[in-house]
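Listed below, chain by chain, are the residues.
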Amino acid sequence: MKTQCGFTLMTVAEFENWIASQRVTRGIQLVQLHHTWSPAYAQFNGSNHFTLQSNMKSYHLSIGYADIAQNLTIFPDGQVMTGRSLNTAPAGCVGANTNGICIENIGNFDVGGDTMTDAHKDAIVRVTAALLKKFGLSPESGVTYHAWWTEGGTSLGTYIAGKSCKTCPGTAFFGGNTRASYDKCLKPLLMAAMNGSYQEEEDDEVIEQKTVLVDGKEYKCECIEKDGHNFVKMRSLSQAGYDVVFDAARQLPAMTAPQCRAFVPDRDEAVQDAIDTLQETCGLEEQTIAYMRKYKYGDELVTKLAAAMK
C-alpha cells in the first residue's frame, strides 16, 4: 500500500483484506458503478494515480462538494485508491447516495471510447464483489449504474435514452449500461467472485497463491501453473519492489526493476576497491553503484570502470 495526500493506493488483493477490516457506521445498500469519462485512459501514464485523484478532488471542491465525490477509484492497471471516507455518503448519484458507496472507474467506456484493460475488469469484479460481501448485499439488488437514475434522483431501473441523467458508466461498460447488459455480463462474474468460483483468466488457467523466491527473498505471489511451469502475475511483483504500471501510450502493462537493491558485502576486496575508487573519483552515490551491480556482469563493469579511472 502507498499513502499520499490523504489517499491510499492498493492492489486488489490488498483491498480485499483492507475492506474486510473496515468499520463502517452507516447503512450500505447500494454499490454505485461510474466511469470518470474525463480523465480517461489517455491521461493515465501508469504512475500518476495520486495526481489524477488529487486533481479530481480539487475539481469537486471547486464546484461546491465537501470532498472528492467518490469513495473509491479504480485505475486502468487494476489498482484501487481510497477517496471520500466510507462513513460519509458520496456525491455520486442523486437518489442513491445516502446508503451508497461510489466507485469511479478511470476511463471513458462509452462506445468508441477506451477499451477496458483485463486488469481493470478484474479489479471491478473483485472490488464490487468484496463490497457486496462486506455489507451482506446481493448482486441482484445491491449494484446500481448511474445511468439507471434520472437527474432528479428517480430510479428508472435501467438506462433509457432521453430520461437517464447520464450514460455512465458507459454504453460499452461490460457489454452495455442497461440492466439487461448488467444481468448478462457483469452480474454472473460478481456471483462467481462471491462464491469463490471466479477466475480472472478466461481459459482453464487457475490462479494460486504460492511462495516465490525473488532476489533471494520469499514473497507470496499469485501464480498460474501451465505445462509444468509457474508464471507469476506481474502485479504480485510490486511487493518485491518492482514498479508494475500501465503504459497508456502503448496500451500495455509494463514493469521496471527496482532502482536499487540492498547492498550485500561479498568480501571481494577487488570489487570493493573498485567501488571506493568510483565513489571518490566520480562522486557516484551508493545507490548508483547498487543500481549498476544488480546486472549480471555488474561487478565486472564496476571493476573495469574503476581501472579506467586510475
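Below is a short write-up of the structure. (Residues numbered from 1 in each chain as written. Predicted model: local features only at pLDDT ≥ 70, side-chain atom pairs only at ≥ 80, totals over all residues. Heavy atoms only, no water.)

Structural notes on the overall build of the chain
As a reminder of what qualifies: For helices the rule is a DSSP run of H or I covering at least 4 residues; for strands it is a run of E covering at least 2, with both sets numbered from the N terminus onward. For every residue, the accessible area (1.4 Å probe, protein chains only) is compared with the maximum for its type, and the residue is labelled buried under 20%, exposed over 50%, or partly exposed between those bounds. Using a 1.4 Å probe, accessible areas were evaluated by the Shrake-Rupley method; residue-level cover was limited to the displayed protein chains.
Within the chain one finds seven helices and 12 strands. Out of the 310 residues in the chain, the part that is buried amounts to 45%. Here the chain displays about 16100 Å² of accessible surface, and carbon together with sulfur accounts for 50% of that area.

Description of the packing of aromatic side chains
The condition is simple: For this analysis, a ring pair means two rings from Phe, Tyr or Trp (six-membered ring only for Trp) whose centres lie within 6.5 Å, classed as stacked if their planes differ by under 30 degrees, edge-to-face if by over 60, and tilted for the remaining angles.
As enumerated under the stated definition, the model contains nine aromatic pairs in all. Considering the side-chain rings of phenylalanine 15 and tryptophan 18, the 5.8 Å spacing of their centres and the 35° angle between planes classify their relative orientation as tilted. With phenylalanine 15 and tryptophan 18 both in helix 1 (residues 12-20) and three residues apart, this pair spans about one turn of that helix. We note that phenylalanine 15, like tryptophan 18, is buried. Their ring planes at 55° and their centres at 6.2 Å tell us that phenylalanine 109 and phenylalanine 173 sit as a pair that is tilted. Linking phenylalanine 109 in the loop between strand 6 (100-105) and helix 3 (118-134) with phenylalanine 173 in the loop between strand 7 (143-145) and helix 4 (179-195), this pair joins segments that are 64 residues apart in sequence. An identical accessibility class is assigned to phenylalanine 109 and phenylalanine 173; each is buried. By the ring-pair criterion, three or more aromatic residues cluster together here, those being Tyr41, Phe109, Tyr145, Trp148, Phe173, Phe174 and Tyr182.

Comments concerning the packing of helix 3 against helix 4
Test applied: Lines fitted to the C-alpha atoms define the axes, with helices restricted to the stretch that makes contact. Angles between their N-to-C directions range from 0 to 180 degrees. Each helix crossing is assigned a hand: it is left-handed if the near helix lies turned anticlockwise from the far helix by less than a right angle, otherwise right-handed if that turn is clockwise. Contacts are residue-level and defined by heavy atoms, with any inter-residue pair within 4.5 Å sufficient.
Remark: helix 3 packs on helix 4, axes separated minimally by 9 Å, with the N-to-C direction vectors making an angle of 60°. Between helix 3 and helix 4 lies a crossing whose hand is right-handed. Across the interface between the two elements, Val125, Thr128, Ala129, Leu132 and Lys133 of helix 3 pack against Leu186, Leu189, Leu190, Ala193 and Met194 of helix 4.

A few points about helix 5 (residues 269-282)
Our working rule: The span one expects for a helix is its residue count, reduced by one, times 1.5 Å. In this description, one arc is meant: the one made by directions from the helix axis to the C-beta atoms.
Taking 1.5 Å of rise per residue, 14 residues should cover 20 Å, and helix 5 covers 19 Å from first to last C-alpha, within 8% of that figure. Turning to helix 5, its buried residues number three or more, namely Val271, Ala274, Ile275, Thr277 and Leu278. The buried side chains of helix 5 occupy one side of the element, clustering within an arc of 160° when seen end-on. For helix 5, exposure combined with an orientation more than 90 degrees from the buried face picks out Glu269 and Glu280. Count one or two residues on from helix 5 and you reach glycine 283, which has phi positive near 75°.

Some points on the packing of helix 1 against helix 3
Think of two packed helices as two axes; the pair is described by the angle between the axes and how far apart they sit. Counted only if it meets this: To sort the angles, those under 35 degrees are grouped as roughly parallel, those over 145 as roughly antiparallel, those from 65 to 115 as roughly perpendicular, and the leftovers as oblique. Polar here means any residue other than Ala, Val, Leu, Ile, Met, Phe, Trp, Tyr, Cys and Pro, which are nonpolar, and Asp, Glu, Lys and Arg, which are charged; Gly is therefore polar.
Taken N-terminus to C-terminus, the directions of helix 1 and helix 3 make an angle of 10°; their axes are 10 Å apart at the nearest point. Judged on the interaxial angle alone, helix 3 and helix 1 are roughly parallel. Residue-level contacts link Val12, Ala13, Phe15, Glu16, Ile19 and Ala20 of helix 1 to Ala123, Arg126, Val127, Ala130, Leu131 and Lys134 of helix 3. In terms of residue class, the contact of helix 1 with helix 3 is made up of nine nonpolar, no polar and three charged.

Distances and angles like these do not, on their own, reveal function.
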